[in-house]
Amino acid sequence: MTNLWKNLLVGGFLIAFIVLLGFFNATKPRILVLHSAGADSSWARQVDRGMREALDRNRRPLAVEWNYLGIDSPAARNRTEGVRAQAHRAMARFEPDVLIAVDDEANSLVARDYVGRARPRILYVSLNRPPADFGYAGATNVSGISEQMPLAAIRDAVIAMFPGRNPRVHVLGVDGETGRAEMDEAKAFDWAPLQLGKTALVTQAAGWHDFVKRTGAEDILLLLGTKDLPDENGVMTVAEINRWTEENSPALPIGTEVDFVSDGGGLSFSPPPDNYGEKAIELALDWLDDRDTPGAPSPLVSDHFEVAVRRGRMTERGIALPPIYIEAARENGTLHR
């Protein structure tokens, strides 16, 4: 065989390999994860951690891309149309088979625009408002995981910590899609024998400070999803807000975010982000492969939660937390001194 033929054969094999590799990559199922929060959000990072753990167990070739709206920052909240347009451009470029939309904002701003289409399939995650509010009811290309806040667990913990007192529960959050949905859930919940006190959704750090200072020492302050807030010096970060609230609140603050206690708070009951991420990938793979049943997986409502405790803060307030909560935090790795 002449060198010419040898070179032609080698070249042909290389071209065929490149073509097949390109075809293989082009036909891999594609999943786009769209977070409402920014990439530096503790919640988003931990949801992603659960997703990556599930992906590590997967053996099917996939292309997965992450996109972050960053709605938890004051700047992004003031330019939602630009954020939305950027997400739609990412959708057009990547053309995902499955869109995993995390939290209410990602669903409201982007995912709902694809209802009823052949592609993408929409998986909502950690949705606080009813899926029907986004036009998802009856849509064959939509499923997901709704979030149920651990309000019953919080009520029971307060009753155990303050037997016979039945304190008022004031509720404070940040105005926005998720904040309004969480506030509606807190207002509709049966707090008896406790009493629901004042409620507020704020957009400025000053409003947050004012509400916190007006609580009483015999009260409970339930903190909904915290976000960075504008103040006179620029922006007060989530970590600063959480720490300030624990240090300045007359009432006992109870967080519902994963980072409240790690930021310096004393007690929180929060949805488990790792579990949400892991379950979202499992549902996406099931839907892509029709592993269990054809069509969309059944929608889920998650009432799971994790407990975090900072024992020093609770001791400073003279509060004895029942041992079961201490052990739950220890088991979860969220027990702090």
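Since the structure is predicted, the reported quantities are computational estimates derived from the model, not experimental observations. (Residues numbered from 1 in each chain as written. Predicted model: local features only at pLDDT ≥ 70, side-chain atom pairs only at ≥ 80, totals over all residues. Heavy atoms only, no water.)

**Topic: helix 9 (residues 238-248)**
One full turn of an α-helix is made of 3.6 residues, so residues set three or four places apart face in the same direction.
Phase 1 of the analysis: By the burial criterion, the buried members of helix 9 are V238, I241, N242, W244, T245 and E246.
Phase 2 of the analysis: On its buried face, helix 9 is in contact with helix 8 (205-213), strand 8 (220-223), strand 9 (229-231), strand 10 (234-236), strand 11 (252-255) and helix 11 (311-316). (Buried < 20%, exposed > 50% of the residue type's maximum accessible area, 1.4 Å probe, protein only. Helix = DSSP H or I, 4+ residues; strand = E, 2+ residues; numbered from the N terminus. Contact = heavy atoms within 4.5 Å.)

**Structural notes on helix 8**
Phase 1 of the analysis: Among all positions of helix 8, only A205, W208, H209, F211 and V212 are buried. Taken around the axis of helix 8, the buried residues stretch over an arc of 165°, which confines them to a single face. Turned more than 90 degrees off the buried face of helix 8, the exposed positions are A206 and K213.
Phase 2 of the analysis: On the buried face of helix 8, the contacting elements are strand 6 (168-174), strand 7 (195-202), strand 8, strand 9, strand 10 and helix 9. (Arc of directions from axis to C-beta.)

**With respect to the side chain of N242**
Phase 1 of the analysis: Relative to the elements of secondary structure, N242 occurs in helix 9.
Phase 2 of the analysis: With a relative accessible area of 1%, N242 lands in the buried category.
Phase 3 of the analysis: If sequence neighbours within four positions are ignored, N242 has contacts with T226, D259, F260 and D263.

**Let's talk about the environment of R52**
Phase 1 of the analysis: Tracing the backbone shows R52 in helix 2 (residues 42-57).
Phase 2 of the analysis: For R52 and P120, which are 68 residues apart along the polypeptide, the C-alpha to C-alpha distance reads 21 Å.

**Focus on the sheet that holds strand 4 (residues 121-127)**
Phase 1 of the analysis: Pairing within the open sheet is parallel, and its six strands lie in the order 2-1-3-4-5-13. Each of the sheet's edge strands pairs with one partner strand only, and the pair in question is strand 2 (63-68) and strand 13 (300-302). Across the sheet, the mean angle from the axis of one strand to that of its neighbour is 15°, orientation sign disregarded.
Phase 2 of the analysis: For strand 4 and strand 5 (residues 142-147), the ladder comprises five bridges, and the chain directions are parallel. (Pairing = 2+ DSSP bridges. Axes fitted to C-alpha atoms, helices over the stretch in contact; angles between N-to-C directions.)

**Regarding unusual backbone geometry**
Phase 1 of the analysis: The omega angle of the peptide bond from R119 to P120 is -5°, so this bond is cis rather than trans.
Phase 2 of the analysis: Looking along the chain, the bond that leaves A192 and enters P193 is cis, with omega of 10°.
Phase 3 of the analysis: Its location among the elements puts P193 in the loop between helix 7 (177-188) and strand 7.
Phase 4 of the analysis: The residue E95 is not glycine, and still its phi comes out positive at about 50°.

**Overview of the packing of aromatic side chains**
Phase 1 of the analysis: One pass over the structure, following the stated rule, counts six aromatic pairs.
Phase 2 of the analysis: Ring plane angle 10° and centroid distance 5.6 Å describe the contact between Y124 and Y136, whose orientation is recorded as stacked. Of the two residues, Y124 sits in strand 4 while Y136 sits in the loop between strand 4 and strand 5, which places them twelve residues apart along the sequence.
Phase 3 of the analysis: Given the relative accessible area of 4%, Y124 is considered buried.
Phase 4 of the analysis: The buried category is assigned to Y136, whose relative accessible area is 5%. (Phe/Tyr/Trp six-rings, centres within 6.5 Å; stacked < 30°, edge-to-face > 60°.)

**A few points about the nonpolar core**
Phase 1 of the analysis: By size, the foremost hydrophobic cluster in this structure holds 29 residues, and its most contacted members are M161, L267 and F269.
Phase 2 of the analysis: Going through the elements one at a time, helix 6 (151-161), strand 6, helix 7, strand 8, strand 11, strand 12 (267-270), strand 14 (306-310) and helix 12 (323-332) are the ones with two or more residues in this core.
Phase 3 of the analysis: Top element by residues in this core is helix 6. It accounts for six residues.
Phase 4 of the analysis: If we ignore the near neighbours within four places in the chain, the residues touching M161 are L252, L267, M314, I319, A320, L321 and P322. (Core = buried A, V, L, I, M, F, W, Y, C linked by side-chain atoms within 4.5 Å.)

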